[in-house]
Amino acid sequence: QVQLVESGGGLVQAGGSLRLSCGASGRTFSNYPMGWFRQAPGKEREFVAVINWSGAYTNYAESVKGRFTISRDNAKNTVYLEMNSLKPEDTAVYYCATGPAVTSYSRRPGDYAYWGQGTQITVSS
């Protein structure tokens, strides 16, 4: 079992930056790829980024590529999402997720067994 807790959300102006953190409990954290998803009101949950167990491989949604950076620190059981050049359309609840079925290519929410509670990001124009 893995428990995930996100932090770092808030209100930011367009063009600004934020860094999200996701702390994980459980000794298996370093074995799993970790993903970030987001869900805007009235929309389906969508993939943002995923990072493999070592941090050597990352994969991003086209909408965030070049602006967001996913990273991890296995010694701290934490995964990060650095978000730059934020746009109003980035407004959403952001979730970190993982699970034994996740691979470095997993983009479907159904592939992820464990989820955090989410943190709200609001980007004002």
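In what follows, the structure referred to is the one given above.
Residues numbered from 1 in each chain as written. Predicted model: local features only at pLDDT ≥ 70, side-chain atom pairs only at ≥ 80, totals over all residues. Heavy atoms only, no water.

Thoughts on the pairing of strand 8 (residues 78-83)
Thought 1: Of all six residues in strand 8, five are buried, a share of seventy percent or more.
Thought 2: Bridging between strand 3 (residues 18-25) and strand 8 involves six bridges; their strand directions are antiparallel. Across the sheet, the residue bridging to G23 is T78, located in strand 8.
Thought 3: Where strand 7 (residues 68-73) meets strand 8, six bridges bridge the pair, whose relative direction is antiparallel. Following the sheet pairing, R72 is matched in strand 8 by V79.
Thought 4: Counted between consecutive antiparallel strands, the loop separating strand 7 from strand 8 contains four residues, among which N77 sits at a positive phi close to 50°. (Buried < 20%, exposed > 50% of the residue type's maximum accessible area, 1.4 Å probe, protein only. Helix = DSSP H or I, 4+ residues; strand = E, 2+ residues; numbered from the N terminus. Pairing = 2+ DSSP bridges.)

Side note on the packing of aromatic side chains
Thought 1: Enumeration over the complete set of coordinates arrives at six aromatic pairs.
Thought 2: Taken together, a centroid distance of 5.9 Å and an interplanar angle of 80° make the contact between F37 and F47 edge-to-face. Here F37 is found in strand 4 (residues 34-39), whereas its partner F47 is found in strand 5 (residues 46-51), with ten residues between them in sequence. Take F37 and F47: they sit in the same class, and that class is buried.
Thought 3: Relative to Y112, the ring of F37 has its centre 4.8 Å away and its plane inclined at 80°; by these criteria the two rings are edge-to-face. Taken together, the residues span a long stretch of sequence, with F37 in strand 4 and Y112 in the loop between strand 9 (92-98) and strand 10 (114-115) at a distance of 75 residues. (Phe/Tyr/Trp six-rings, centres within 6.5 Å; stacked < 30°, edge-to-face > 60°.)

None of this, on its own, says anything about what the molecule does.
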